Structure formats: C-alpha cells, structure tokens
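Spelled out from the first residue to the last, the chains are:
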Amino acid sequence: MKKLFFVLIFLFTHIILANANSNVFFIDMEKILSNSKPGSSLLKQLNEINNENLKSFLKQENMLKEKEKKIISQKNIISSKNFETSISELRIEINKYNSDKKKKFDELQKLKIDSTDKFIKMINPILIKYAEKNSIDLILRKKDLIIGKSEFDITDKLLLEINENIQVFKIN
C-alpha cells in the first residue's frame, strides 16, 4: 500500500512539473480592440452610426415636442373632440417613435456583436501564427484571469502584429 502511495505521488509530481513548463500567456482584448488600427476603425464606425441615430431621434423628438406644444396651445380654441383626436394621433406618433428608437438600438447592438465577432475572427489567424512562432501553448483573455504576472501579458506585441497585418476594418 505504501509503495502504491509513493508511486502515485511520484506520478502526480511529474505531471505537475511537466505542466509547469508549458507556455501560457494572456492578452487584453479590450486594449486590442480600442488601440489597434482595425479595432479603433471598428469603434469609430460604430460611434458614427450611433451619433447619426441620436441626431435623427433628437430631431424627431423635438418635432414631437413642438407638435405637443401646438396641440396644448390650441386646447381652448378647438373643440374637445378635435383636441382628443389630436392627442390620440400624437400618442400614436410617440409610440411609433419609441418603437423605432428601440428597433434602431437593437440593430446597433446586433451590429456591435456581429462586428466584434468578425474582428475576433479576423485577428484569430494572427494569434495562431504568433503562438506557433513563439511556441505558446495557450493564450487566455485577461478578463478571465484573476491574477497574472505582467511578463505573461503579450498584448503590446500582438498589437504590433495586428497593426502590421490589418489596416482597416469595414462594417458591412
């Protein structure tokens, strides 16, 4: 029984020591997305789309507020039936505005997710090539780590590789 115990300890020790020699590094995907040329291009395009949507909705919102003021100012002038009709039409327009706004927001969120996935798929061959070239066994995301030595962070090196290989990212 003691021999079996020592053999098991010996085997586990060798397995642990063998695994300790593996090359495991991590990258900060947020930094790569925001600081790489294609990543910053992606974020800029998404920001422009968002700003266009905001301008459009602000314009519609101001138009609806003006319409509301006009209806309220005519309250004593027009009949109550016409006033109620105007109010219900305004409510319908407001509901349509809200649903359009939600739809545009959802479309933008889907575009962000799809574009980010496309970006990751685009840089994946660069990560694989870098890992093979530098004998790296495993690359982890920084956000999935609890703690790690900064010497195992290869984000800056990969940023250079990504910027060399990909200049611009186009959203479809």
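Only a predicted model underlies this, so the values are computations on that prediction, with no experimental measurement involved.

Cut-offs and rules
- Sequence order sets the numbering: in each chain, residues are counted from 1 along the sequence as written.
- Owing to the predicted nature of the model, reporting of local features is limited to residues with pLDDT of at least 70; listing and counting of side-chain atom pairs is limited to 80 or more, with chain, interface and lining totals taken over all residues.
- The side-chain quantities take in all heavy atoms of the structure and omit both hydrogens and water.
- Two joining distances apply to patches: 9 Å for like charges and 5 Å for nonpolar side chains (Val, Leu, Ile, Met, Phe, Trp, Tyr), and every residue must have over 30% relative accessible area and no salt bridge.
- Every accessible area reported is derived by Shrake-Rupley at a probe size of 1.4 Å, with residue values counting cover from the shown protein chains alone.
- For this document, the term salt bridge refers to a Lys or Arg side-chain nitrogen within 4 Å of an Asp or Glu carboxyl oxygen.
- Helix numbering and strand numbering both begin at the N terminus, where a helix is a DSSP run of H or I of at least 4 residues and a strand a DSSP run of E of at least 2.
- Summary of the burial criterion: residues with accessible area below 20% of their type's maximum are buried, those above 50% are exposed, and those between are partly exposed, where the area comes from a 1.4 Å probe applied to protein chains only.
- In this analysis a 1.4 Å probe is tested at points of a 1 Å grid over the protein atoms alone, and where it fits but cannot get out there is a cavity; an open set with protein on both sides within 12 Å along at least five of seven lines is a pocket; lining residues have an atom within 4 Å of a point.
- Grid points are joined across faces, edges and corners, and a volume is the space filled by probe spheres set on the points.
- Residue classes follow a fixed rule: Ala, Val, Leu, Ile, Met, Phe, Trp, Tyr, Cys and Pro count as nonpolar, while Asp, Glu, Lys and Arg count as charged, and any other residue, Gly among them, counts as polar.
- Here the expected length of a helix is defined as 1.5 Å per residue gap, with one fewer gap than residues.
- Under the rule applied, a polar contact is a pair of N or O atoms within 3.5 Å (in protein, one hydrogen donor and one hydrogen acceptor; residues adjacent in sequence only if both atoms are side-chain atoms).
- Residues belong to one nonpolar core when they are buried, are Ala, Val, Leu, Ile, Met, Phe, Trp, Tyr or Cys, and are joined through side-chain atoms within 4.5 Å.
- We call two residues in contact whenever any of their non-hydrogen atoms come within 4.5 Å of each other.
- Stacked, tilted and edge-to-face are the three classes assigned to paired rings of Phe, Tyr and Trp, where Trp is represented by its six-membered ring and a pair needs centres within 6.5 Å; plane angles under 30 degrees give stacked, over 60 edge-to-face, the rest tilted.
- Two axes enter the definition of the bend at a residue: one is fitted to the seven residues ending there, the other to the seven starting there, and the bend is the angle between them.

This paragraph deals with a nonpolar patch on the surface. A contiguous nonpolar surface patch, about 200 Å² in accessible area, is contributed by Val24, Leu138 and Leu140. The topology assignment puts valine 24 in strand E1 (residues 24-27). For valine 24, a relative accessible area of 31% corresponds to the partly exposed category.

Here we take up the environment of asparagine 82. Topologically, asparagine 82 is positioned in helix H4 (residues 80-133). Relative accessible area serves as the criterion here: at 44%, asparagine 82 is assigned to the partly exposed category. Considering only alpha carbons, one finds asparagine 82 and isoleucine 71, eleven residues apart in sequence, at a separation of 9.8 Å.

Attention now moves to the layout of surface pockets. When its volume is computed, the largest pocket comes out at roughly 200 Å³. Together, Ile27, Asp28, Met29, Glu30, Leu33, Thr116, Asp117, Phe119, Ile120, Arg141, Lys142 and Lys143 line the largest pocket. Elements with a minimum of two residues in the lining of the largest pocket: helix H2 (29-35) and H4. Looking at the lining of the largest pocket, the element that brings in the most residues is H4, giving four residues. Of the residues assigned to the lining of the largest pocket, the class counts are five nonpolar, one polar and six charged.

With that out of the way, let us pick up helix H3 (residues 37-73). A rise of 1.5 Å per residue sets the reference length of H3, with its 37 residues, at 54 Å; its end C-alpha atoms lie 53 Å apart and thus fit the reference within 8%. Considered for burial, the residues of H3 that qualify are Pro38, Gly39, Ser41, Leu42, Gln45, Leu46, Asn53, Phe57, Leu64 and Ile71. Where H3 begins, the side chain of serine 36 points an oxygen toward the backbone nitrogen of glycine 39, at a separation of 3.1 Å.

Moving on: the nonpolar core. Core analysis: the largest hydrophobic core is formed by 22 residues, its most contacted members being Ile27, Ile32, Leu42, Phe119, Ile123, Ile154 and Leu158. When residues of this core are traced back to their parent elements, those giving at least two are E1, H2, H3, H4 and helix H5 (155-165). A total of seven residues in this core trace back to one element, the largest contributor, which is H4. In this structure isoleucine 27 touches Ile32, Leu127, Ile139, Leu140, Arg141, Lys142, Asp153, Ile154, Thr155 and Leu158, once residues within four positions along its chain are discounted. Counting residues in hydrophobic clusters, the runner-up holds seven residues, among them Phe57, Ile71, Phe83 and Ile87.

Moving on: the packing of aromatic side chains. Scanning the model with the defined rule gives three aromatic pairs in all. Ring plane angle 75° and centroid distance 5.7 Å describe the contact between phenylalanine 57 and tyrosine 97, whose orientation is recorded as edge-to-face. With a gap of 40 residues between them, phenylalanine 57 in helix H3 and tyrosine 97 in helix H4 connect regions that are remote in the sequence. Of the two residues, phenylalanine 57 and tyrosine 97, both sit in the buried class.

Look at H4: 79 Å from first C-alpha to last across 54 residues, which is about the 80 Å you get at 1.5 Å a residue. When the local axis directions of H4 are compared, the greatest deviation, roughly 30°, occurs at isoleucine 123, which is followed within four positions by the proline proline 125. Burial in H4 covers these residues: Phe83, Ile87, Leu90, Tyr97, Leu108, Ser115, Phe119, Ile123, Ile126, Leu127, Tyr130 and Ala131. Next to the buried residues of H4 lie E1, H2, H3, strand E2 (138-141) and H5. Where H4 terminates, the next one or two residues include serine 135, which has phi positive at roughly 55°.

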